[in-house]
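Notes for the structure review
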Amino acid sequence: MSCRRPFIKFVIRALACILLLSPLGAQWTPEEMMKVKSVGSVQASPDGKRLVFTVTEPVLTEDKSEFLTQVWMAKADGSEVYPFTFGDKSSTNPLWSPDGRRIAFTSSRSGKNNLWLIRADGGEAERLTDVKSGVDGFAWSPDGRQIAFTMSDPPSEQEEKDQKARNDAWVVGENPKMSHLWVVPVEKDAEGKREARRLTKAGFSVADWDWSPDGKTIIFSHVPSPLADDWTRADLSTVDLASAEIKVFASTKAAEASPRYSPSGQWVAYSASDSPPTWGFAAWIHIAPAAGGPPTRLAATFDEQPEIVGWSADGKRVYFTETRGTATSMAALPVDGGAAEILNQGENAVFDINLNPTRTAFGLSLQSWNRPAEAFVTSAERWSPVQVSQINADSPQHPLGKTEVIRWKAPDGMEIEGLLTYPPGYEKGRRCPLLLIIHGGPTGVFVQSYIANRSQYPIAAFSVQGWAVLRCNIRGSSGYGRKFRYANYKDWGGMDYQDLMAGVDQVIRLGIADPERLGVMGWSYGGYMTSWVITQTKRFKAASIGAPVTNLMSFTGTTDIPGFIPDYLGAEFWNNLQAYVKHSAMFNVKGATTPALIQQGEQDVRVPIGQGYELYNALKRQGTMVKMVVYPRQPHGLREPRLVLDAGRRNIEWFKQNLSEHK
C-alpha cells in the first residue's frame, strides 16, 4: 500500500491537469467570462429594508451585440431577489423616492433616454419626461414632489433642417451642446401634463448637483463647456427653484466639484483640486456655510483623491471613498478637522457605493479577485456588509488562478506593488510564460476585482493557458499617495518603465516566470507604455498594444484633452520639442522587432486612431511582424460584447503563437 500511494497521487494529479487544460475540460475562455454579470447602482431604501440595483449582461444574437441592463429588487436580508424591469431596452440608475414608495429610473425604451417612474411594489412604469436629447443624471427633491435632471441641449429646428438638407458644416469650438438643469413635477397638473422647467440658461455646462434639505435650492458644479479638457475650470453655483436666480458659491483657480448639503442645510461639503489643477489630480474636501462665507479645508486623505459619498446623519462626518493600494477604502472625515477614519478593512474591491436618503445605510457592489460582483448592504453606523444578491450564482465556476499582492524595489529604491495571478494548479518551482499588463491613466490602478470579469485582456482565460499574469501599479498610479502619483511627471517612459522591468525581474527571481517567454500589453497609457517597451528592449516575445499614445506631439494636436501631455511634460511642444521627441515611441521606433498586435476603436476621440496607424506603418516598413485590428463604432474603450470577445480571442491567439516553447 505504501508503494502504491505516491503512484495514485501522481495519477490523480495528472488527470486533474489534463481535465483543467484540455479543450474538452471546463475552463475559462473569453466566451465563458462573458457570462459573468455586472452588478451596480446599488441603492438601499429609506428604511434600509430593501435594495434596488442593476444587472448588466450581453445580448448576442444574429443581429444584436449589445449590453442590456435591468433593475432588480431585493429584501435587505436576501430572502427575495427578483428582476424589477424587463424588455429589450436597458433600464438604469434606479433611485428611491424619499418616502420609499416609488422608484425613478432612466430608460431609452421610448426612443430617447427618459425618466420613468414605477411603484416600489411593482406595476407598469410611467414615463415622466419626453426629451429630444436624453436625460443624463437625476435626483429626487427632498419632499418627493419633483425630480431634477440634466440633459444636453437638443439640436435647434434650424439645425435639424440643415442636417436633413446636408447643409450641416460645423465650426470647431463653436456652439457646443451644454448640459443644463431641469426640474419636472412627479404628479400631473390639472390638464394631465407634467411640464419640465429649465433652471439654468447661462453659458456653462452643468456637471453634478445636490438639493438643499428644504428643497428651495440646488447647488451644482459647472464648467465653461462640455469639452473634456475643461474640467480644470469647474466652479460651484446655486440656483433658486422659485426664481431660477443663479449665484456663485465657489469660484477659484482650483476645480470645485461634488457639492453635498449637510443634513441641516447649513453647510456644503465639496472637493477642491490643487490650484491650478493638474492632471495627476490632487483634491481635498472642504466645507463652507451654505449661506456664504470662507470654506474650511478638512484633513488631507491618504491618496488626496477623495470621492464624496455624502454626510453622516448627525452632520459630524463626510463619507468618502478612495483607492488605497489594491483595495477601495471607505472612510469618513470629521468636520472638526480630525484625521480620516477608515470604515472598512480587507482587500475587496468596492464599486458603486451609495448612501440612502435617510443616511442610515449604504448600498454597494462588492467583489474580490475570486468572487464576482454582488449587491451588499451595510448600516452607516457600523460597517458590516451583508450580501443580498446571488446574481452570479449561475455564472461559470471554473478554477481560478491564485492572485496575490507582490512588492519589489525599483532601481531608485521606490517600492512598487502589483498583482500576480498564477495558472490554476500552479506548482512551486515551475517556470511559465509571463504576461505583463499595464493599466491606463496613467493614474489608473489595478485593484483586486474579479479576475474573470469580461475584458479585452481576459486574465482568467490567460491563466488557464498556463501563463502567469503580472499587473503593476507603477509610479503615477492612484492609491499610493500624491508623491507617488506625481513621480512620473516629466518622466514618461523613464522610471515608470524601470518599475515594470523590475517587476518582471522579481517574478523571474521568484522562480515563476520563464525569462525567454515574456509578453506585454496595455490600453491607453498602458498602450503608450507597451509601445515604449518595444522600442527600449527585445526581452518580450510579443506585445498587444491597445489605443496607444505613440506620438506625444501629434496626440496633443488631435485628442479631446490637448492640455493633458503639456501638463505632464511641463511644456507645450513648441516650447520644448525635445521633451516630446524623447518620450515618444515614434521617435525611438527604429530597430523595434517585437511582434506587435495593435487594437483600437475607430471612433476614439481620446486617443485618435492615427496614433495606432503611425506605429503600425513604422513597424511594417521595418519588416517587423505587426497586425492592426480596427473596431468599428468603438470609442476609447470597447463597448460591444462581440468586439470585446474578438479582442480577447485575438490576444490569446497572438500570445499562443509567439510564446510557444518551440517558437
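A short tour of the structure in this document, coming up. Everything quoted here is computed from the prediction, not taken from an experiment.

1. Re the sheet that holds strand β35 (residues 596-601)
In spatial order, the strands read β29-β30-β32-β31-β33-β34-β35-β36; together these 8 strands make up an open sheet with mixed pairing. What marks the edges here is a single partner per strand, and that holds for β29 (403-409) and β36 (626-631). Strand-to-strand twist in this sheet, taken as the mean axis angle between neighbours without regard to direction, amounts to 20 degrees. Here strand β33 (residues 513-523) pairs with strand β34 (residues 542-546) via 5 bridges, running parallel. In the sheet register, Val520 faces β34, and the bridge partner there is Ala543. The strands touched by helix α6 (residues 495-509) within the sheet are β29, β30 (415-421), β31 (432-438), β32 (468-473) and β33, with β29 carrying the most contacts at an inclination of about 115 degrees. Packing of helix α7 (residues 525-536) onto the sheet brings it into contact with β31, β33, β34 and β35, and relative to β33 it is tilted by some 140 degrees.

2. With respect to the sheet that holds strand β2 (residues 50-61)
In spatial order, the strands read β1-β2-β3-β4; together these 4 strands make up an open sheet with antiparallel pairing. Each edge of the open sheet carries a strand with a single partner, namely β1 (38-44) and β4 (81-83). This sheet shows a mean twist of 25 degrees between the axes of neighbouring strands, independent of strand direction. Summarising the sheet, β2 and strand β3 (residues 64-75) pair through 12 bridges and their orientation is antiparallel. Counterpart to Thr54 in the pairing with β3 is Val71. Packing of helix α12 (residues 641-658) onto the sheet brings it into contact with β2 and β3, and relative to β2 it is tilted by some 70 degrees.

3. Examining the pairing of β35
Successive side chains on a regular strand alternate, one facing one side of the sheet and the next facing the other. Among the 6 residues of β35, 6 are classified as buried, and the element is accordingly described as predominantly covered. Of the two faces of β35, the one lined by Ala596, Ile598 and Gln600 and the one lined by Leu597, Gln599 and Gly601 are each fully buried. The pairing of β34 with β35 spans 4 bridges and is parallel. Counted as the bridge partner of Gly546 is Gln599 from β35. Alignment of β35 against β36, held across 6 bridges, turns out to be parallel. The residue bridging Leu597 from the neighbouring strand is Lys627, located in β36.

4. Here's the deal with the side chain of Gln600
Positionally, Gln600 belongs in strand β35. Accessibility expressed as a relative area gives 0% for Gln600, which makes it buried. A distance of 3.3 Å separates a polar atom in the side chain of Gln600 from the backbone oxygen of Pro608. If sequence neighbours within four positions are ignored, Gln600 has contacts with Ala547, Pro548, Val607, Pro608, Ile609, Gly612, Met628, Val629, Val630 and Tyr631.

Rules used in this analysis
- Residues numbered from 1 in each chain as written.
- Predicted model: local features only at pLDDT ≥ 70, side-chain atom pairs only at ≥ 80, totals over all residues.
- Heavy atoms only, no water.
- Pairing = 2+ DSSP bridges.
- Helix = DSSP H or I, 4+ residues; strand = E, 2+ residues; numbered from the N terminus.
- Axes fitted to C-alpha atoms, helices over the stretch in contact; angles between N-to-C directions.
- Contact = heavy atoms within 4.5 Å.
- Buried < 20%, exposed > 50% of the residue type's maximum accessible area, 1.4 Å probe, protein only.
- Polar contact = N/O pair within 3.5 Å; in protein donor to acceptor, adjacent residues only side chain to side chain.

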